[in-house]
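Next come the chains, spelled out residue by residue.
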Amino acid sequence: QLVVWSMLEDLGFGASLQHYTPLIDDAVAKEWDLDKDWKLIAQMPFGIPTGQLQEKTHQPIESRKLVFK
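How each quantity is defined
- Throughout, a residue's number is its position along its own chain's written sequence, starting from 1.
- Totals for whole chains, interfaces and linings use every residue, but because this is a predicted model, local features are given only for residues with pLDDT of at least 70 and side-chain atom pairs only at 80 or more, for both listing and counting.
- Side-chain metrics in this entry use all non-hydrogen atoms of the structure; hydrogen atoms and water are not considered.
- Every helix listed is a DSSP run of H or I at least four residues long, and every strand listed is a run of E at least two residues long, numbered separately from the N terminus.
- C-alpha atoms define the radius of gyration in this analysis, and the globule rule sets the expected value at 2.2 Å times the number of residues to the power 0.38.
- Exposed residues in this analysis have more than 50% of their type's maximum accessible area, buried residues have under 20%, and partly exposed residues fall in between, with area computed by a 1.4 Å probe over protein chains only.
- Here, residues are in contact when the closest pair of their heavy atoms is within 4.5 Å.
- Values of accessible area rely on a 1.4 Å probe in the Shrake-Rupley scheme; residue burial ignores everything except the protein chains shown.
- We treat Lys and Arg as the positive residues and Asp and Glu as the negative residues; His and chain ends play no part in the count.
- By convention, the charge on Lys lies at NZ, on Arg at CZ, on Asp at CG and on Glu at CD.
- Residues forming no salt bridge and having over 30% relative accessible area are the ones grouped into patches, like charges within 9 Å of each other and nonpolar side chains (Val, Leu, Ile, Met, Phe, Trp, Tyr) within 5 Å.
- Salt bridge, as used here: a side-chain nitrogen of Lys or Arg that lies within 4 Å of a carboxyl oxygen of Asp or Glu.

Visitor: Mind showing me how you'd approach the overall build of the protein chain here?
Guide: Helices and strands together make up the secondary structure of the protein chain, namely 3 helices and 4 strands. Along the protein chain, helices and strands appear, N-terminal first, in the series α-β-β-α-β-β-α. The C-alpha atoms of the protein chain give a radius of gyration of 17 Å, which is well past the 11 Å a tight globule of 69 residues would have. Along the three orthogonal principal directions, the C-alpha set of the protein chain runs to about 45 × 45 × 20 Å. In the protein chain, which comprises 69 residues, the proportion classed as buried is 6%. Contacts spanning at least 24 positions in sequence make up 61% of the contacts within the protein chain whose residues lie at least 6 apart. Surface exposure of the protein chain reaches about 7,000 Å², of which carbon and sulfur atoms provide 57%. Charged side chains in the protein chain number 7 positive and 10 negative. The centres of these two groups are separated by 13 Å.

In structure tokens form, the structure reads like this:
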């Protein structure tokens, strides 16, 4: 993944790595007629960037976490 991402970057592309959840495995396998032995792990969409990268901001962890007791 790192080698492919680096190669795309060297060629002027932007990319992101999106991991799959098992919840969609059956639907994706059916849609694309994938072999049952294949395991979906991730996809890496890529393309030409349309603007400058911006710093990613996050809300404080206290406002994003859930605690169950």
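Visitor: Is there a simple way to explain a nonpolar patch on the surface in this structure?
Guide: A cluster of nonpolar residues, V4, M7 and L11, forms a patch on the protein surface that exposes about 280 Å² of accessible area. Its place among the elements puts L11 in the loop between α1 (2-10) and β1 (14-15). Since its relative accessible area comes to 58%, L11 is described here as exposed.

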